[in-house]
Amino acid sequence: MNSTLLVELFTEELPPKALQTLGTAFAELLSKTLRDEGHLTDNSAVEGFASPRRLACRITHVAAVSPEKKIQERLLPVKIGLDANGQPTPPLQKKLDSLGLGTIGLDQLETISDGKQDVLHISRTQAGKALEESLNKALEVATTKLPIPKVMSYQRPDGSTVHFVRPAHRLVCLHGDKVVPAQVLGLESDRITLGHRFLSQGVLNIASADSYEAQLETEGKVIASFEKRKAAIVKALAEKAAGDKVVQPDDLVDEVCALVEWPVVYEAGFEKEFLEVPQECLILTMQANQKYFAITDQTGKMKNRFLLVSNLLTPTPELITSGNERVLRARLADAKFFFDQDRRKTLESRLPGLANVVYHNKLGTQKDRNGRLIELAAALAPVCGADVEQAKRAALLCKADLLTDMVGEFPELQGNMGEHYARHDGEHADVAQAIADHYSPRFAGDQLPRNAVGVAAALADKLETLVGIYSIGLVPTGDKDPFALRRHALGVIRMIIEKNLKLDLMDALNKASKLFATYPDFKHSVEGIAGFIQDRLRGYLKDQGYSTAEVESVLSQNPSKFADLPKRLEAVRAFSQLPESQALAAANKRITNILKKTEVGSAEVDTNLLQVDAEKALATQVREVEPHATRAFEQGDYQQALLVLAPLKANVDAFFENVMVMDNNEALKNNRLALLKHMHGLMNRVADISQLAA
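Keep in mind that what you see is a predicted model, and the values were worked out from it rather than measured.

A. Representation of the overall build of the chain within the structure. Across its full length, the chain holds 26 helices and 20 strands. Radius of gyration (C-alpha) of the chain: 36 Å, far over the 26 Å computed for a compact globule of 694 residues. If one aligns the C-alpha atoms of the chain with their principal axes, the spans along those axes are about 100 × 100 × 50 Å. Taking the intrachain contacts of the chain between residues at least 6 apart in sequence as the baseline, contacts between residues at least 24 apart amount to 68%. Looking at the chain as shown, the accessible area adds up to about 32300 Å², and 50% of this sits on carbon and sulfur atoms. When the 83 positive and 91 negative side-chain charges of the chain are each reduced to one mean point, those points stand 2 Å apart.

Here you go:
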């Protein structure tokens, strides 16, 4: 009989930041094992549930007994299983006995070659498995393979020790309306679970697997589905905001959703005087410490209202809101105190203190680093279109806010607080912005620096980090990247391309490398760093929609200037759509292989040595095409520089059909190689079009 199966593991409060992952994994692991055991059908639908005190899974169309299946058992090689007369040997009978097959006739055996020898096999029908057996196996797999952030050890009432994410207290296993006998984590299955701690009567008798979610909601005041609970929170936040905007990052909504079973949103407020503190400080205080949601008007200006998500529905909400207001008031008072205290000292006056902050024991202090950033920002400023003195000033002050009380309390605000304090100190607006923006982009998709000074400072910061950290051997491995070198590399790529900077990466890396010359542990690794950045560049360009062949055609040239890469890629794409492109790409690949195997002296073609009509025609056409291709290339019209090559196809085909390149006459051979080398250079200035060959 196919019925709906429900499995619920009731626990103590699960870690909120891991709850959604745990819920998804629990459902996937259970369903996968049951599917592998043959209990699910193509119509079986899997639904996971996760609330602060439960992980559950409901699966439709689950068979009480899995279907029979034909299996083929490998027995023994023929030479071992049968004697000289073709009769079964004792080893074969022993193998059959171990499989519970007893004595069988020779006609039931099948001989199959495995490529090396003939092997005896037997086909038999395997009886279906009872759901009870498979479910116990599935529970064992699900609880042991769950991606638990930190395992707890606890004792059951019988004195046994259990290892799990949190102590588990109940196990519900229902197939339709019947309890499936199962055991896991020292628990025996039944149909009893618990509802909300305060809003329900506590114990719930689940009538059937199909009634589980509705019973929990109506009788237990628990919204079991993580997604439905989250949607209810988002809807309630919007309603309470009453036309204003709610600051609700996804990770905060997810965390709050993992803390409540029956979400209720309440509105509270705080004194307007706290709005004098930069609103990012207030928002971070609310989110990090209290899990509150800030409210802004439609322009993004913060209001002295906030929303909180409670696990209690009460007729006296003021008791909840007033208590939360008192807690937040203390937090905001701390933030205001830090802000007021920090502004008593200028950023510049804090600079000597950077000598006491270690950047890395092999690369000196933050003060040492400041010196490198100033020099590098000054060198990069012209190509960024920034004022050199402003770039130097931004680099000088950009790390000073690390010594402020506010950043000490909230490290996430470094840079942002520097901008506020710089404005208070009377620094130039571009310099103040650059202090915040020198960390940009902070994450994938983040905005780039807002002005040219910020771009110079950000490039200096990222290049200095890449060169310094990479060159003392701290190269990222696997998913470990403690100094965020991958993010820094992507930031450099984005700034160069999206800001259209005519920056030579190798030149910039060499400038940065020279700044570390006096450090004994530093090893010059510019080529390795360039390769590391180019690996990130590949991913970036593919994310922009370019194919692997298009990207490799351009990057195989090892470009050190990235600004024109999009134009080159668009040119390659346009060229690849020409009917002649595949033939020219294949010919270019052939030429590349020829030139790899043969050393070519001069690239000059001696017209007096051109003997065959096909090579004369090709040489003439190359001379005619070259000025047009060169002019287009120098003007940055890469598309035209490639498109003018299309007419070469016919003469290139004729050349390879009628001309023996590796002629016995050394002079003829070298002249033909020179022609190919000349044409190869002409064809590959924009990109290596051989990469387009199918």
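B. Molecular detail of helix 6 (residues 226–241). A rise of 1.5 Å per residue sets the reference length of helix 6, with its 16 residues, at 22 Å; its end C-alpha atoms lie 23 Å apart and thus fit the reference within 8%. For helix 6, the set of buried residues is Phe226, Arg229, Ile233, Ala236, Leu237 and Ala241. Buried residues of helix 6 fall within an arc of 135° about the axis and therefore sit on the same side. Exposed positions of helix 6 whose direction lies more than 90 degrees from the buried face are Lys235 and Glu239. For helix 6, the N-terminal capping position is held by Ser225, with its side-chain oxygen 3.4 Å away from the main-chain nitrogen of Glu227. Positive phi appears at Ala242, one or two residues downstream of helix 6, with a value of about 55°.

C. Summary view of unusual backbone geometry. Between Ser440 and Pro441 the backbone carries a cis peptide bond, its omega angle lying at -10°. Positive phi, normally seen in glycine, also occurs at Lys291, with a value near 65°. Secondary-structure assignment places Lys291 in the loop between helix 8 (279–290) and strand 17 (293–296). Residue classification places Lys291 among the partly exposed residues on the basis of a relative accessible area of 21%.

D. Highlighting the packing of aromatic side chains. In the structure shown here, the tally under the stated rule is 9 aromatic pairs. For the pair Phe339 and Tyr421, a centre-to-centre distance of 5.9 Å together with 25° between the ring planes defines the contact as stacked. Highlighted residues: Phe339 in helix 9 (residues 317–342) and Tyr421 in helix 14 (residues 416–425), separated in sequence by 82 residues. In terms of burial, Phe339 and Tyr421 fall into one category: buried. Taken together, the aromatic side chains of Phe516, Tyr519 and Phe522 make up a single cluster linked through ring pairs. Its end group placed over the ring of Phe532, Arg536 keeps NZ or CZ at 4.7 Å from the ring centre.

E. Representation of the packing of helix 22 (residues 581–597) against helix 25 (residues 649–658). One way to put it is that helix 22 packs onto helix 25 with a least axis distance of 10 Å and a crossing angle of 45°. Regarding the angle of helix 22 to helix 25, the classification is oblique. Remark: the crossing between helix 22 and helix 25 carries left-handed chirality. In this structure, helix 22 uses Ala583, Leu584, Ala587, Arg590, Ile591 and Ile594 to contact helix 25, whose residues at the interface are Lys649, Val652, Asp653 and Phe656. Among the residues forming the contact of helix 22 with helix 25, the class breakdown is 7 nonpolar, no polar and 3 charged.

F. How the structure looks around the sheet that holds strand 4 (residues 69–77). With respect to topology, 3 strands assemble into an open sheet ordered 4-6-5, the strand pairing being antiparallel. Of all strands in the sheet, those bounded by a partner on one side alone are strand 4 and strand 5 (109–113). Geometrically, the sheet is characterised by an average inter-axis angle of 40° between neighbouring strands, direction not taken into account. Bridge count between strand 5 and strand 6 (residues 118–126): 5 bridges; the pairing is antiparallel. Directly across from Ile112, in strand 6, lies its bridge partner Val119. Set on the sheet, helix 3 (residues 90–98) makes contact with strand 4, strand 5 and strand 6; between it and strand 4 the angle comes to about 150°.

G. Main features of the pattern of salt bridges. Enumeration over the complete set of coordinates arrives at 43 salt bridges. Linking Asp114 and Arg74 is a salt bridge whose minimum nitrogen-to-oxygen distance equals 3.7 Å. Here Arg74 lies in strand 4 and Asp114 lies in the loop between strand 5 and strand 6, a separation of 40 residues in the sequence. Looking at Asp114, the relative accessible area reads 43%, which means it is partly exposed. Residue Arg74 is classed as partly exposed on the basis of its relative accessible area of 42%.

H. Representation of the state of the cysteines within the structure. For the structure shown, the criterion picks out 0 disulfides. Here Cys257 is not cross-linked by a disulfide; its sulfur's nearest cysteine counterpart is in Cys57, at 18 Å.

I. Here's a closer look at the environment of Ala355. Mapped onto the elements of the fold, Ala355 is located in the loop between helix 10 (347–350) and strand 19 (358–360). What makes Ala355 partly exposed here is its relative accessible area of 36%. Ala355 sits 53 residues away from Gly408 along the chain, and the two C-alpha atoms are 17 Å apart. The residues touching Ala355, leaving out its near neighbours within four places in the chain, are Thr365 and Lys367.

J. Representation of the pairing of strand 18 (residues 302–310). Within strand 18, 7 of the 9 residues are buried, which leaves it mostly tucked inside the rest of the structure. When strand 16 (residues 264–269) meets strand 18, the two strands line up antiparallel, connected through 6 bridges. Residue pairing for strand 18: Glu267 is matched across the bridge by Leu307. In terms of strand pairing, strand 17 meets strand 18 through 3 bridges, oriented antiparallel.

K. Seen up close, the sheet that holds strand 15 (residues 245–246). Taken in spatial order, the 4 strands make up an open sheet running 15-17-18-16, and their pairing is antiparallel. Strand pairing shows two members of the sheet lacking a second neighbour, strand 15 and strand 16, which therefore form its edges. Two strands pair when backbone bridges link them, and strand 15 and strand 17 are joined in this way by 2 bridges, in the antiparallel orientation. Note on strand 17: the bridge partner recorded for Val246 is Ile295.

L. View of the side chain of His175. Mapped onto the fold, His175 is located in strand 9 (residues 168–175). The exposure class of His175 is buried, given its relative accessible area of 7%. Separated by 3.5 Å, the side chain of His175 and the backbone nitrogen of Ser3 make a polar contact.

M. Just the environment of Ser208, in detail. In this fold, Ser208 is placed in the loop between strand 14 (203–205) and helix 5 (212–218). We classify Ser208 as buried; its relative accessible area is 16%. The sequence separation of Ser208 and Gly176 amounts to 32 residues, and the corresponding C-alpha distance is 5.4 Å. What Ser208 contacts, discounting residues up to four positions off in sequence, is Leu174, Gly176, Asp177 and Gln215.

Criteria and cut-off values
Residues numbered from 1 in each chain as written. Predicted model: local features only at pLDDT ≥ 70, side-chain atom pairs only at ≥ 80, totals over all residues. Heavy atoms only, no water. Helix = DSSP H or I, 4+ residues; strand = E, 2+ residues; numbered from the N terminus. Rg over C-alpha atoms; globule rule 2.2 N^0.38 Å. Contact = heavy atoms within 4.5 Å. Areas by Shrake-Rupley, 256 points an atom, 1.4 Å probe, with all protein chains shown as cover. Lys, Arg positive; Asp, Glu negative; His and termini not counted. Charge placed at Lys NZ, Arg CZ, Asp CG, Glu CD. Expected span 1.5 Å × (residues − 1). Buried < 20%, exposed > 50% of the residue type's maximum accessible area, 1.4 Å probe, protein only. Arc of directions from axis to C-beta. Polar contact = N/O pair within 3.5 Å; in protein donor to acceptor, adjacent residues only side chain to side chain. Phe/Tyr/Trp six-rings, centres within 6.5 Å; stacked < 30°, edge-to-face > 60°. Lys NZ or Arg CZ within 6 Å of the ring centre and 35° of its normal. Axes fitted to C-alpha atoms, helices over the stretch in contact; angles between N-to-C directions. Parallel < 35°, antiparallel > 145°, perpendicular 65-115°, else oblique. Left-handed = near helix turned anticlockwise from the far one by under 90°. Nonpolar A, V, L, I, M, F, W, Y, C, P; charged D, E, K, R; others polar. Pairing = 2+ DSSP bridges. Salt bridge = Lys/Arg side-chain N within 4 Å of Asp/Glu carboxyl O. Disulfide = S-S within 2.5 Å.

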